[in-house]
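# Summary of the model geometry
Now for the letters of each chain:
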Amino acid sequence: MKILHILAGVPPGSGMAESVPTLCRYLRQRGHEVTLATLDGPLSEAAQTAESAGVRLVRFAPSFPRALYFSWQMLRGLSALARTSDVVHVNGAWTFPVWWGCRCALQARKPLVMSPHGALNPAYLKHSAWKKRLVGWLDRACLRRAAVIHATAACEREWIRDYLAGCEEKVAVVPNGVELPGKNAERRVSNSERSSGGKKTMLYLGRLHPLKGLDLLVEAWRSVRSSLVHY
């Protein structure tokens, strides 16, 4: 099967820049012909690994206005990629690659899969709310015409239902895949652990915001504290 994934960008540090190229890589390993169309810019490690594994990475030069991830090259070139694909999978929301990718898929009469990747979280909808209300009709139109709307969790399925009434039957919940170490993987003990007598240290790198769920992490550590003492 020829699968076309569309994503606004794959910069280091972005969640979709890790999960989408990794999905593409595993689809390639299963024998599919996979193309990832995105805007040109810095590449995440996952995107580089996917390209090395045989995923075709097509990068279009960004244009003004960059706030919407617009690209004249994508405007001219994405239709051909959609026509030669068996299915088009669009990732994200609120950007030109999403809207144009959906249009190209529908125009080419290809099955359209849409993955908002959390963009319809009510908390996210409040951020730059007037912009999202202004262009929201485009995203709703795309979601209504998608063959499948992919939610990564049950809570995201509810966000999608709240945002777009009447689409319950087309929402599929499929969690993001997780790469697990092999059975014989060795645990490497760092010098800092040796010097601290095996004391465990947790590092969090990111902004402090309720959406990040740090309160849940604190509760999780508290609930397993007794087992960690004997670890």
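Here we take up the sheet that holds strand 2 (residues 33–39). Taken in spatial order, the seven strands of this open sheet run 3-2-1-4-5-6-7, and their pairing is parallel. Lying at the two open borders of the sheet, with one neighbouring strand each, are strand 3 (56–60) and strand 7 (171–173). Between one strand axis and the next, the sheet turns by 20° as a mean value, whatever way the strands run. Lying over the sheet, helix 4 (residues 96–107) contacts strand 1 (2–6), strand 2, strand 4 (87–91) and strand 5 (112–115), oriented at roughly 165° with respect to strand 4.

Sheet analysis places strand 2 next to strand 3, joined by five bridges and oriented parallel. Within strand 3, the position partnered with Thr38 by the bridge is Arg59. The parallel pair strand 2 and strand 3, bridged by helix 2 (residues 45–52), forms a crossover whose chirality is right-handed.

For the rest of this paragraph, the subject is the environment of Gly54. One can find Gly54 in the loop between helix 2 and strand 3. In the structure, Gly54 is positioned 25 residues away from Gln29 in sequence and 8.5 Å away in space, judged by C-alpha atoms.

Turning next to helix 4. Here helix 4 spans 16 Å end to end across 12 residues, near enough to the 16 Å set by a 1.5 Å rise per residue. Among all positions in helix 4, only Phe96, Pro97, Val98, Trp99, Trp100, Gly101, Cys102, Cys104 and Ala105 are buried. Contacts from the buried residues of helix 4 go to strand 1, strand 2, helix 3 (72–83), strand 4, strand 5 and helix 6 (129–145). Backbone geometry just downstream of helix 4 places Arg109 in the positive-phi region, at approximately 60°.

One pass over the structure, following the stated rule, counts four aromatic pairs. Their ring planes at 85° and their centres at 5.0 Å tell us that Phe70 and Trp72 sit as a pair that is edge-to-face. Look at Trp94 and Tyr163: their rings are 6.1 Å apart centre to centre, the planes differ by 90°, and that puts the pair in the edge-to-face class. Of this pair, Trp94 sits in the loop between strand 4 and helix 4 while Tyr163 sits in helix 7 (residues 154–163), and the two are 69 residues apart along the sequence. With a relative accessible area of 10%, Tyr163 lands in the buried category. Taken together, the ring pairs connect Phe70, Trp72, Phe96 and Trp100 into an aromatic cluster. Cation over ring: Arg140 sits above Tyr163, and NZ or CZ is 3.9 Å from the ring centre.

The rules behind the values
- Residues numbered from 1 in each chain as written.
- Predicted model: local features only at pLDDT ≥ 70, side-chain atom pairs only at ≥ 80, totals over all residues.
- Heavy atoms only, no water.
- Pairing = 2+ DSSP bridges.
- Helix = DSSP H or I, 4+ residues; strand = E, 2+ residues; numbered from the N terminus.
- Axes fitted to C-alpha atoms, helices over the stretch in contact; angles between N-to-C directions.
- Contact = heavy atoms within 4.5 Å.
- Right-handed = clockwise from strand over helix to strand, strands pointing away.
- Expected span 1.5 Å × (residues − 1).
- Buried < 20%, exposed > 50% of the residue type's maximum accessible area, 1.4 Å probe, protein only.
- Phe/Tyr/Trp six-rings, centres within 6.5 Å; stacked < 30°, edge-to-face > 60°.
- Lys NZ or Arg CZ within 6 Å of the ring centre and 35° of its normal.

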